[in-house]
Amino acid sequence: MTTKDIVHKAERLIVFALLVMMMVALLASTVELAIILFQQLLEPPFLLLDVKEMLTVFAFFLMVLIGLELFETVKMYFEEDIFHVE
């Protein structure tokens, strides 16, 4: 086994670990977003959000979407060993 093979395997292990941690973070963020949304909707006035609450929910929502995009990029790197820049 050459040094290049060892480095490649270590790199793939690190990328896999990053994918697992990112999945956990995305799952936790999605649960947190649901909790925030339901807490905001259940506070008086019932089922209404003011602008500040909507901005909080949308900011969290966009953060989860950005995390999903990053997850897809790292996953494609793990599968194909190249970065897709679009």
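A.B. asks: Sorry if this is basic, but what is going on with the packing of aromatic side chains here?
C.D. replies: Aromatic rings in a pair are described by how distant their centres are and how their planes are angled relative to each other. What the rule picks out here adds up to 1 aromatic pair. Measuring from centroid to centroid gives 5.9 Å for phenylalanine 16 and phenylalanine 78, while their planes differ by 40°, and the two rings are tilted. Of this pair, phenylalanine 16 sits in helix α1 (residues 3-42) while phenylalanine 78 sits in helix α2 (residues 51-80), and the two are 62 residues apart along the sequence.

A.B. asks: Would you mind showing me how to read the pattern of salt bridges here?
C.D. replies: Summed over the entire model, instances satisfying the criterion amount to 1 salt bridge. Between lysine 75 and glutamate 72 there is a salt bridge, and its shortest N-O distance comes to 3.3 Å. Within this pair, lysine 75 and its partner glutamate 72 are both found in helix α2, separated by 3 residues, close to a single helical turn. By relative accessible area, lysine 75 is classed as partly exposed at 26%. Take glutamate 72: its relative accessible area is 34%, and that puts it in the partly exposed class.

A.B. asks: Sorry if this is basic, but what is going on with α1 here?
C.D. replies: Note: α-helices contain 3.6 residues per turn, so residues at a spacing of three or four share the same orientation. If you check α1, its first and last C-alpha atoms are 58 Å apart, about what 40 residues at 1.5 Å a residue would give, namely 58 Å. Considered for burial, the residues of α1 that qualify are Val15, Leu19, Met22, Leu26, Ser29, Leu33, Ile36, Gln40 and Leu41. Structurally, α1 contributes buried residues whose contacts are with α2.

A.B. asks: Honestly, unusual backbone geometry in this entry has me stumped. Any pointers?
C.D. replies: Of all residues except glycine, most have a negative phi; of all peptide bonds, most are trans. A cis amide bond links proline 44 with the next residue in sequence, proline 45, at an omega value of -5°. Residues other than glycine seldom take positive phi values, yet leucine 47 does so here, at roughly 65°. One can find leucine 47 in the loop between α1 and α2. Take leucine 47: its relative accessible area is 52%, and that puts it in the exposed class.

Rules used in this analysis
Residues numbered from 1 in each chain as written. Predicted model: local features only at pLDDT ≥ 70, side-chain atom pairs only at ≥ 80, totals over all residues. Heavy atoms only, no water. Phe/Tyr/Trp six-rings, centres within 6.5 Å; stacked < 30°, edge-to-face > 60°. Helix = DSSP H or I, 4+ residues; strand = E, 2+ residues; numbered from the N terminus. Salt bridge = Lys/Arg side-chain N within 4 Å of Asp/Glu carboxyl O. Buried < 20%, exposed > 50% of the residue type's maximum accessible area, 1.4 Å probe, protein only. Expected span 1.5 Å × (residues − 1). Contact = heavy atoms within 4.5 Å.

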